[in-house]
Each structure stands twice: as C-alpha cells, then as structure tokens.
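# Coordinates in review
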Protein chains: 2
Amino acid sequence: MGATKTDHFTDKQNQIATLLKALGHPARIAIIEYLLKVNACICGDIVNELPLAQPTVSQHLKELKNAGLIKGNIEGNAICYCIDEKVIGKLQNYFENISTRLTNKKNSCC
Amino acid sequence: MGATKTDHFTDKQNQIATLLKALGHPARIAIIEYLLKVNACICGDIVNELPLAQPTVSQHLKELKNAGLIKGNIEGNAICYCIDEKVIGKLQNYFENISTRLTNKKNSCC
DNA sequence: AATCTATATCGTAATATTGCAATATATAAT
DNA sequence: ATTATATATTGCAATATTACGATATAGATT
C-alpha cells in the first residue's frame with residue numbers, strides 16, 4: 001500500500017492532518033519562521049535563507065501553498081509570500097481546545 | 001535523495017517538525033481525538049475504533065509514542081494510552097506565539 | 001531583441017511512509 | 001497447561017516524499 005486512507009476519516013480530521021503534515025518538515029518550519037522573523041512579506045530572498053537548492057525550496061513553498069498556509073502574490077519578477085493568519089489561528093484553536101479539555105480531565109491513570 | 005536534511009536546521013525546528021509530522025496523518029489525529037473524547041486513558045479499544053487493521057493501528061500508536069505525544073502504561077494484558085499534556089501545551093504555545101506575532105505585524109502587502 | 005533574475009517544472013534517484021497478512025509475545029482466564 | 005485476548009514485530013508491496021540537476025518560463029533590464 002502506502003496511500004493514506006483519507007476516506008475513512010472525517011473531513012475535519014483530514015483537514016487538520018493536511019495542515020500539520022505540511023508543517024511536519026523542518027525546512028517548512030524554517031520557511032514559516034523566516035516569514036515571521038522578517039516581519040513582512042518576502043519577495044525573493046527565501047532561497048538564500050535556506051540550506052537547500054532552489055528547486056527544493058520551490059517544492060516546499062508549493063506544499064505550504066497547497067495546504068493554504070501561505071499565500072503568494074506575483075510582484076514584478078519576484079513572488080511575495082505571506083503566512084495566512086486564518087489558518088494559523090485554526091491550528092492555535094485546535095491545540096487550545098485539546099489543552100483545555102486535557103486540563104479539565106484530570107488524568108487518573110497516567 | 002529522499003532523506004530529510006535535519007542537520008541543516010535548528011533543534012527547535014526539528015523538534016516542532018517531528019511533533020507536527022507525527023500528527024500529520026488522519027489516523028493519528030483520530031487516535032488523539034478518541035483519547036480526548038472518552039475523557040480517560042484507554043486500555044484496549046483503540047483498534048476497534050479505527051477503520052484500520054490492528055498492525056496498522058499499532059504502528060500509528062508507536063509513532064505517536066516515539067514523538068512523545070502519548071504515553072503507554074501496561075495495564076494487565078492491555079495497554080493504557082494517554083495524551084502527554086506537556087507536549088500539546090508546547091504546540092499550543094508555538095501557534096499562539098505565531099498568531100500574536102502575525103496580528104502585531106499588520107500585513108502590508110497580502 | 002538579448003540578457004539577467006527569480007521562480008517553476010520535469011525527470012529521476014534515494015529514502016520514507018502506509019497498510020496489512022502472518023507471526024510472535026505476553027498476560028488473563030479457564 | 002491450554003486457550004483466549006491484546007498488542008507488537010516482521011516482511012513486503014504500493015505509494016509518497018525529499019532532494020537536486022537540467023531545463024523551462026516570465027518579467028525586468030539593458
């Protein structure tokens with residue numbers, strides 16, 4: 001096999017999994033953190049920041065874009081990349097919800 | 001290639017990526033959500049909850065355990081699985097931090 | 001038009017992941 | 001001791017991911 005059985009899970013589960021999978025690689029975490037660090041949208045520059053070849057970076061950017069985590073606007077002959085706040089908010093809420101439910105629970109056995 | 005170049009990134013980036021990668025599969029999200037839903041540690045039961053064969057579920061549980069997201073205590077001839085609150089808290093903080101930094105930033109171009 | 005710069009796509013090799021049948025292990029119950 | 005139950009491990013096939021060289025594309029500059 002090798003193909004994930006997405007059809008057996010709920011849409012929400014698949015959506016969250018897709019987002020987290022997209023962030024589940026250090027290069028893509030590094031991209032997100034770089035976009036944050038410069039505190040602006042980046043036009044160019046990303047390839048030079050990462051220890052990976054240009055096609056590899058391009059591929060990682062594509063995956064982040066496909067997952068909806070970043071947006072890319074064409075800006076002259078460069079592309080302006082930005083983090084999508086909404087999606088990050090979604091993830092924040094997801095983990096916040098889990099956290100509160102865990103603290104309310106008072107684990108008995110572990 | 002095919003092997004992730006973890007050595008080129010910071011420890012923190014690799015740690016976060018490892019956690020998110022472990023959660024980047026709907027079956028593992030479903031496991032976490034089931035552990036939450038029953039509001040207790042689960043001894044047994046998980047295999048019957050998921051639309052996957054027992055060895056597959058066992059493998060997913062192992063990955064969650066390796067990433068540190070769940071803990072498993074042997075309880076008779078079953079195993080008692082629980083979510084590790086600390087690690088979830090870490091993820092919550094991570095996304096909260098990104099969120100606040102994003103709202104402070106007031107995206108200019110996107 | 002020719003050239004430069006930035007990014008994307010193609011092709012491909014190396015490796016990792018997903019899923020499961022078969023089998024092993026280990027405790028519980030009879 | 002034998003059997004039942006729960007979970008893990010092994011082995012393997014199908015598929016996905018990662019990485020990059022080569023090449024394509026597209027706007028900017030000269």
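A quick note: this is a predicted structure, and the numbers were derived from the prediction, not measured. (Residues numbered from 1 in each chain as written. Chains lettered and ligands numbered in written order. Predicted model: local features only at pLDDT ≥ 70, side-chain atom pairs only at ≥ 80, totals over all residues. Heavy atoms only, no water.)

What follows is about the relation of the copies chain A and chain B. Superposition of chain A onto chain B requires a rotation of 180° combined with a translation of 0.0 Å along the rotation axis, giving an RMSD of 0.1 Å. Here the two chains are linked by the operation of a two-fold rotation axis. A share of 100% of interface residues in chain A that are also interface residues in chain B marks the association as one of identical surfaces. (Least-squares fit on C-alpha atoms with pLDDT ≥ 70 in both. Contact = heavy atoms within 4.5 Å.)

A few words now on the pattern of salt bridges. Residue and element names in this part refer to chain A. One pass over the structure, following the stated rule, counts two salt bridges over all chains. The salt bridge involving Arg28 is made with Glu63; its shortest N-O contact spans 3.1 Å. Within this pair, whereas Arg28 is found in helix H2 (residues 26-37), its partner Glu63 is found in helix H4 (residues 54-66), the two being separated by 35 residues in sequence. (Salt bridge = Lys/Arg side-chain N within 4 Å of Asp/Glu carboxyl O. Helix = DSSP H or I, 4+ residues; strand = E, 2+ residues; numbered from the N terminus.)

For the rest of this paragraph, the subject is the confidence of the model for chain A. Detailed reading of the predicted coordinates is not advisable wherever pLDDT falls low. Confidence in the prediction for chain A averages 90 pLDDT; 92% of positions are at 70 or higher. Across chain A, helix H1 (residues 11-23) of chain A holds the top mean pLDDT of 98, while strand E1 (residues 42-43) of chain A sits lowest at 67. (pLDDT = per-residue confidence, 0-100.)

Next up on the list: the protein's contact with DNA strand D. In the vicinity of DNA strand D, 30 residues are found, and the nearest of them are Met1 and His60 of chain A together with Gly2, Lys5 and Gln54 of chain B. Protein-proximal atoms of DNA strand D, defined as those within 4 Å of the protein, fall in sugar or phosphate at a share of 63%. Contact distances for DNA strand D include 3.2 Å between a phosphate oxygen and a side-chain N or O atom of His25 of chain A. Elements that contribute at least two residues to the surface near DNA strand D include exactly H4 of chain A together with helix H4 (54-66) and strand E3 (78-83) of chain B. Across the surface near DNA strand D, the residue classes tally to 11 nonpolar, 13 polar and six charged. (Near = heavy atom within 4 Å. Polar contact = N/O pair within 3.5 Å; in protein donor to acceptor, adjacent residues only side chain to side chain. Nonpolar A, V, L, I, M, F, W, Y, C, P; charged D, E, K, R; others polar.)

On to the interface of chain A and chain B. On the side of chain B, 51 residues touch chain A, which itself brings 51 residues to the contact. Here chain A meets chain B over a buried area of about 4700 Å², counting both sides, of which 69% is carbon and sulfur. On inspection of chain A and its partner chain B, the count reaches zero salt bridges. Seen at the junction of chain A and chain B, the total is six residue pairs in polar contact (both at pLDDT 80 or more). Of all the elements, helix H5 (residues 85-105) of chain A adds the most residues to the side of chain A that touches chain B, at 14 residues. Looking at side-chain class alone, the side of chain A that touches chain B contains 28 nonpolar, 14 polar and nine charged residues. (Buried area = accessible area lost by both parts, 1.4 Å probe.)

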